[in-house]
Amino acid sequence: MLGCIYITDNQTVMDQIFVNKVQALYDFEGEGSAELSISEGEILTVTRRDVGEGWWEGTNKQGQTGLFPAAYVKILTQQQSFDSNDYWDEEWDDDWENSPPPVPHNNMTSLDSAPQSAIIKSQEDTNVPVITRKNFNRYSMFDKTGGESYILGSIQRPVPDSEKIKIIETENGVMWNPITNPYVCIVASPKKESKLKGLKSFIAYQLTPSFNNIQVSRRYKHFDWLHERLEEKYTTIPIPPLPDKQISGRYEEQFIEHRKNQLQAFVDCVCRHPVLSRSSVWEHFITCTDEKVWKLGKRKAEKDEFVGAINFYAIEAPEKSINQYALEQEILSCTKFVQSMDGAVKILVETASDQTKKHQGPYKREYQKVGLAFNTLAQAMGDLPKVGSGSDELTAGIRKVGSTYDEIGKLFEEQPKLDWEPLGDMLHIYKGILSSIPEILSLHKKAVQTKKECEKLAFEQKLTTNKLEGVTRRTDIVSYALLAELNHFYSERTEEVSKSLKNFLSQQISFFQKITSKLETAMASLDS
């Protein structure tokens, strides 16, 4: 009937309104003007669902509109739309480690702007066992948080004492202010836990810092959240990488133990860093035991003002001007070193992986084949008629030789956990840090270029001397931060690589000594 208005349940109406709010479950890199790049956890507003072939159109918080795969998002209810922060605590599960669905194929001919990159991945691609973390763009973060404005001095930020970061000059060069009270944090006791009456499972790791010996429980998703906060906050510090995300086998005992060791390597790296080890978000991560306080601290970290370029306001650097020639030589030397080391580390990583596979496969089988051959000989010897004394002893001795080679095969299978895997874990950290340095150097180059542009303006009398001095000082602060981080990296390289190689060789020596001892015992059995 015309003019009639039907009143429905208010909650139903509100849910229908907010059904157009979705949250991204996975990252998606859009190509071309038609596609919209989305990030995991991002809230979007759906504007069209009738695009077809698995694609929706939507708008992000920045007002950008484009197409994205419908399978990559989750529809939010009214409450989730209003309080997306609670979603992280209540809804996000470790299932997110699974690979995203394949990008939908789009064969529409009626839509000129149809995405050209929407191609179904092969079955082999969708079954890849691990997923590397998304690449963090330091330059974008520096620029997004007012990098140029910082260099130009067009914004000011008062800095609380808790945020201040000091750089000092020593006989060994520019350094972060050293750690006065060193500590360690132990990752231990991983165990499978569940929620929602067992519908969702996850692995919880127990962290215990040495300065208070109070244990906290953290999941992999918490580590990943922490990693993102540290990357956003410290754009000139390469944050050590986390273990890669795993698609399958996440609850297998061997995988859990190895991941624990990899997380320990990450934690050790942070604890040794003069800046990261004092970071408020890190301290919150390793000390907070109360759930409500944890959520408050998490939200505070996500709203941290001192991130990216703004964090340079917190740095207290020496007043002396940077020697530009010496700085350029330092950067050139670092660039050559990173290029050389990156290739060398990748080769050793591949070697460690290859040796682990061979130890647990071909090497083990070869020694067990040798053992089987000797056991077959012992069986044959036992079937012979007794022609003299000592034949039983000889048969037993040959069996001992056979079992010895079988035991050696098992030693080969277990050995990588002691030598190649720990070495690989160190290399994983090292490779991740090396891959971040070129981006940090590019960020620094951008700051220097801005200063040079200001020098040109000053020469043309379009910029006052006082303003140029301010620009030079702030650029020097960025340079001091770069030098302090590079010197920390060089120091870490010397100590940690040496430590890891000593452990590797020590385990190798012990391994071959065990083999020698077993062979000597087997030989002695033939003399009895």
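Residues numbered from 1 in each chain as written. Predicted model: local features only at pLDDT ≥ 70, side-chain atom pairs only at ≥ 80, totals over all residues. Heavy atoms only, no water.

The protein is annotated in an unreviewed UniProt entry as Sorting nexin from Nezara viridula. Listed under Subcellular location (unreviewed entry) in UniProt, the entry text for the protein is "Cytoplasmic vesicle membrane". Quoted verbatim from the Sequence similarities (unreviewed entry) field of UniProt, the annotation for the protein is "Belongs to the sorting nexin family." (UniProt positions renumbered as here; feature names shortened; annotations may be inferred.)

Peer 1: Mind laying out the overall build of the protein, listing which residues take part and the relevant values?
Peer 2: A tally of regular secondary structure across the protein gives 14 helices and 13 strands. Within the protein, the fraction of its 528 residues that count as buried is 44%. For the protein, contacts bridging at least 24 residues in sequence account for 73% of all contacts bridging at least 6. By element, 53% of the accessible surface of the protein is carried by carbon and sulfur atoms, the whole surface being about 28,600 Å². (Helix = DSSP H or I, 4+ residues; strand = E, 2+ residues; numbered from the N terminus. Buried < 20%, exposed > 50% of the residue type's maximum accessible area, 1.4 Å probe, protein only. Contact = heavy atoms within 4.5 Å. Areas by Shrake-Rupley, 256 points an atom, 1.4 Å probe, with all protein chains shown as cover.)

Peer 1: Any details on the nonpolar core? Residues and values, ideally.
Peer 2: In this structure, Leu-207, Val-267 and Trp-282 are the most contacted members of the largest nonpolar core, which totals 85 residues. At 15 residues, helix H13 (residues 420-459) tops the list of elements feeding residues into this core. Non-local contacts of Val-267, meaning those with residues more than four positions away in its chain, are made with Cys-185, Val-187, Leu-207, Phe-223 and Trp-282. Residues Ile-38, Val-51, Leu-67 and Val-73 belong to the second largest nonpolar core, which totals 16 residues. (Core = buried A, V, L, I, M, F, W, Y, C linked by side-chain atoms within 4.5 Å.)

Peer 1: Describe helix H12 (residues 391-414), listing the residues and the values that go with them.
Peer 2: Its 24 residues place the ends of H12 35 Å apart at the C-alpha level, agreeing with the 34 Å of an ideal helix rising 1.5 Å per residue. Listed in full, the buried residues belonging to H12 are Thr-395, Gly-397, Ile-398, Val-401, Gly-402, Thr-404, Ile-408, Gly-409, Leu-411 and Phe-412. If you follow the buried residues of H12, they end up packed against helix H11 (324-383) and helix H14 (465-525). (Expected span 1.5 Å × (residues − 1).)

Peer 1: Please give an account of unusual backbone geometry that cites residues and values.
Peer 2: In terms of backbone geometry, most residues other than glycine have negative phi values and most peptide bonds are trans. Here the phi dihedral of Ser-189 falls at roughly 50 degrees; this positive angle occurs in a residue that is not glycine. Within the fold, Ser-189 resides in strand E9 (residues 185-195). Overall, Ser-189 belongs to the partly exposed group, its relative accessible area being 47%. Its identity as a non-glycine residue notwithstanding, Gln-461 has a phi of 60 degrees, on the positive side. Counting through the fold element by element, Gln-461 comes out in the loop between H13 and H14.

Peer 1: Outline the pattern of salt bridges, supporting the account with residue identities and numerical values.
Peer 2: On inspection of all chains with the given rule, the structure shows 23 salt bridges. Close ionic contact of Lys-417 with Glu-414 constitutes a salt bridge, the shortest N to O distance being 3.2 Å. Look at Glu-414 and you get partly exposed, because its relative accessible area is 39%. In this structure, a network of salt bridges that share partners links the residues Asp-161, Lys-164 and Glu-316. (Salt bridge = Lys/Arg side-chain N within 4 Å of Asp/Glu carboxyl O.)

Peer 1: Describe in detail the packing of aromatic side chains, supporting the description with residues and values.
Peer 2: This model, assessed by the stated rule, comprises 23 aromatic pairs. Between Trp-282 and Phe-285, the ring centres sit 5.9 Å apart and the planes meet at 20 degrees, which makes this aromatic pair stacked. Within this pair, Trp-282 and its partner Phe-285 are both found in helix H9 (residues 280-287), separated by 3 residues, close to a single helical turn. Ring centres of Phe-412 and Phe-511 lie 4.9 Å apart, and the angle between their planes is 85 degrees; this geometry places the pair in the edge-to-face category. Of this pair, Phe-412 sits in helix H12 while Phe-511 sits in helix H14, and the two are 99 residues apart along the sequence. You'll find Phe-412 and Phe-511 in the same group, each marked buried. Chaining the aromatic ring pairs together yields one cluster made of Tyr-363, Tyr-367, Phe-374, Tyr-405, Phe-412, Phe-511 and Phe-512. (Phe/Tyr/Trp six-rings, centres within 6.5 Å; stacked < 30°, edge-to-face > 60°.)

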